There are 2 protein chains.
Amino acid sequence: MTQLFVIGAGPGDSDLVTPKARNAIEACSDLVAYGLYLDLLGDVCNDKAHHDLPLGEEIGRAKLALDLAASGKTTALISSGDIGIYAMATLVFELLDQQLQGKADNPAWLDVEIEVIPGISAMQAGAARVGAMLGHDFCTVSLSDLLTPWETIEKRIHSAGSGDFVVSFYNPKSRKRDWQINTARDILLQYRPASTPVLIGRQLTREDESIRIIRLDQLHADDIDMFTMVSVGNSESRHIVNGSREWVYTPRGYRKKLV
Amino acid sequence: MTQLFVIGAGPGDSDLVTPKARNAIEACSDLVAYGLYLDLLGDVCNDKAHHDLPLGEEIGRAKLALDLAASGKTTALISSGDIGIYAMATLVFELLDQQLQGKADNPAWLDVEIEVIPGISAMQAGAARVGAMLGHDFCTVSLSDLLTPWETIEKRIHSAGSGDFVVSFYNPKSRKRDWQINTARDILLQYRPASTPVLIGRQLTREDESIRIIRLDQLHADDIDMFTMVSVGNSESRHIVNGSREWVYTPRGYRKKLV
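Not measured: the values here are computed from a predicted model. (Residues numbered from 1 in each chain as written. Chains lettered and ligands numbered in written order. Predicted model: local features only at pLDDT ≥ 70, side-chain atom pairs only at ≥ 80, totals over all residues. Heavy atoms only, no water.)

1. Quick look at the overall build of chain A
Helices and strands together make up the secondary structure of chain A, namely seven helices and 13 strands. By the compact-globule yardstick of 18 Å for 259 residues, chain A fits well, its C-alpha radius of gyration being 20 Å. For chain A, the C-alpha atoms occupy an extent of roughly 60 × 40 × 40 Å along the three principal directions. Looking at chain A residue by residue over its 259 residues, the buried ones come to 59%. (Helix = DSSP H or I, 4+ residues; strand = E, 2+ residues; numbered from the N terminus. Rg over C-alpha atoms; globule rule 2.2 N^0.38 Å. Buried < 20%, exposed > 50% of the residue type's maximum accessible area, 1.4 Å probe, protein only.)

Next comes the structure, spelled out in structure tokens:
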């Protein structure tokens, strides 16, 4: 049997790596991952063959993982966060699908046993860090227009607005791309108050973590980068201050039954 | 210092409980949780005082956790999944907010140190179990109209449809409530193909887990219960079969660059 584990290693804190992920990595001889993620995982990655490809080489990385597993090496394809959310897992199945349709030439891929192991995603780490920002219906939108046309993304932000979903923006900015988050802000301002709380979380759960809570009308591309995750509350989300601690929570309902 | 940990224990599999959650539970003297969750956690809960309240007593449970912590007992409030997603975390902060506004009479709550620890949510466990269903923008909608008016929920399902989000339905059915998922299906059928893949996952990652992949037009309330999570793909999600394994994935983009 040939085995490929597709593993989400969580946001960064090694105490947020699940035992299931750690055990799977231990069972592997070969790891395919962007180097930084392996650094975060630490000792469990020792004595394994590491295969790295530059950021941007995602398809190559997924193919490499399938090829290694097909060659009989127990292999882990690893990303930070949840590998099923804006990450590598879906590429593995896109490639498998191509093979099943006869559009690729790697029949050995079809014999690989695949197991996907979920991880804590950035939106969850951010929401927990400030309290309970995802306490009611929410959505995620990637602002990367590399593979999705901007018109589709823009339509989706309007839907997030009309549905009053809490919105977590992934890939809010890159080296070549900066204006999208400002446009997203302006769209959401058509649907919810200017005072809506926004979380700007950078390097969540890592040593150089920074957290800012601002108002929606203060959100600006200048204050974020590619290590940032941006979550925007819904129209009922509350920013509260208790002494030196600040929290954001989204009430679980629209009718209050509390006191 | 008085300490309250607000902990998501993941979907059920004890290997999906993070070390951070486990360490926090170990540091506590008192645990507040629905009994079943403690059973799933196992030995780590031994030698702790257990405080249980019936399902439905969520506010009482959150108050009890704050009271215990305020009295000097290091306390954990625990739920399955991610406690920040349709679970208890947001109630803790709603109560804190009431106190800050002077609408409650528990000033000692304000001295409690609160730490929220996220966990793997059911949508993630389900998506991983069938491959990569959450591979592109997604949303969650709770079908419980106990605290949210049905008109708000219905509007949100329309937004999920118009935005072509993958949709994970939480609380799809309860003992007293069964028609909502059928209405949700009919709304989504206005926006995406009848053949859209749907995951029906019951007791995910637990001993009696069951997984079914059906078409959107086959989704029916008779086939789900309150232990079920329902995820509906977007218009591009694919259901593929490789021998005895079935997968669902959602491509990460709308323009294909694959082969």
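Next comes the rest of the write-up.
2. Section: the pattern of salt bridges
Using the criterion set out here, one finds 16 salt bridges over all chains in the structure. In this structure, the salt-bridge partner of Arg156 of chain B is Asp137 of chain A, at a minimum N-O distance of 2.6 Å. Residue Arg156 of chain B is located in helix 6 (residues 150-162), and its partner Asp137 of chain A is located in the loop between strand 6 (131-132) and strand 7 (138-142); the two belong to separate chains. Of the residues examined, Asp137 of chain A reaches a relative accessible area of 0% and is grouped as buried. Here Arg215 of chain A and Asp217 of chain A are joined by a salt bridge, their closest N and O atoms 2.9 Å apart. A relative accessible area of 35% means that Arg215 of chain A is categorised as partly exposed. Exposure remark for Asp217 of chain A: the relative accessible area of 37% places this residue in the partly exposed category. Salt bridges here are not isolated pairs; linked through shared partners, they connect Asp13 of chain A together with Lys20 and Glu115 of chain B. (Salt bridge = Lys/Arg side-chain N within 4 Å of Asp/Glu carboxyl O.)

3. Observations concerning the relation of the copies chain A and chain B
Once chain A has been moved 0.0 Å along the axis and rotated by 180°, it coincides with chain B to within an RMSD of 0.0 Å. Interpreted geometrically, this transformation is the action of a two-fold axis. Within chain A, Cys139 of chain A has its C-alpha nearest the rotation axis, a separation of 2.0 Å. Comparing contact sets, 100% of the residues at the interface of chain A also lie at the interface in chain B, consistent with an isologous, same-surface contact. (Least-squares fit on C-alpha atoms with pLDDT ≥ 70 in both. Contact = heavy atoms within 4.5 Å.)

4. Some details on helix 7 (residues 180-189) of chain B
All names here are of chain B. In terms of residue burial, helix 7 counts as a mostly covered element, since seven of its ten residues are buried. Of all the residues in helix 7, the buried ones are Gln180, Ile181, Asn182, Ala184, Arg185, Ile187 and Leu188. Packed against the buried residues of helix 7 are helix 6, strand 8 (166-170) and strand 11 (228-232).

5. Overview of the domain arrangement of chain A
Residue and element names in this part refer to chain A. Each assigned domain of chain A is listed with its residue range as follows: domain 1 (2-120) and domain 2 (123-249). Across the contact, twelve residues belong to domain 1 and eleven residues belong to domain 2. The three residues of domain 1 that bury the most area against domain 2 are Pro11, Tyr86 and Ile120, which together make up 57% of that side's buried surface. Inspection of the region where domain 1 meets domain 2 yields zero salt bridges. At the boundary of domain 1 and domain 2, one finds five residue pairs in polar contact (both at pLDDT 80 or more). Across the side of domain 1 that touches domain 2, the residue classes tally to eight nonpolar, three polar and one charged. (Domains from an automatic or database assignment. Buried area = accessible area lost by both parts, 1.4 Å probe. Polar contact = N/O pair within 3.5 Å; in protein donor to acceptor, adjacent residues only side chain to side chain. Nonpolar A, V, L, I, M, F, W, Y, C, P; charged D, E, K, R; others polar.)

6. Looking at the interface of chain A and chain B
Contact residues are listed per partner, giving 82 residues for chain A and 82 residues for chain B. For the pair chain A and chain B, the summed buried surface comes to about 7300 Å²; carbon and sulfur atoms form 58% of the total. Where chain A packs against chain B, one counts six salt bridges. Across the pair Lys20 of chain B and Asp13 of chain A runs a salt bridge, and its minimum N-O distance is 3.3 Å. There are 37 residue pairs in polar contact (both at pLDDT 80 or more) connecting chain A and chain B. A total of ten residues in the side of chain A that touches chain B trace back to one element, the largest contributor, which is helix 4 (residues 89-100) of chain A. Of the residues that constitute the side of chain A that touches chain B, the class distribution is 38 nonpolar, 23 polar and 21 charged.

7. Some thoughts on the packing of aromatic side chains
Scanning all chains against the criterion turns up six aromatic pairs over all chains. A centroid spacing of 4.9 Å and a plane angle of 40° characterise the contact between Tyr86 of chain A and Tyr170 of chain A, whose relative ring orientation is tilted. Here Tyr86 of chain A, found in the loop between strand 4 (75-79) and helix 4, pairs with Tyr170 of chain A, found in strand 8 (residues 166-170); they are 84 residues apart in sequence, far enough to count as distant. Arranged with centres 4.7 Å apart and planes meeting at 45°, the rings of Trp247 of chain A and Phe93 of chain B form a pair that is tilted. (Phe/Tyr/Trp six-rings, centres within 6.5 Å; stacked < 30°, edge-to-face > 60°.)

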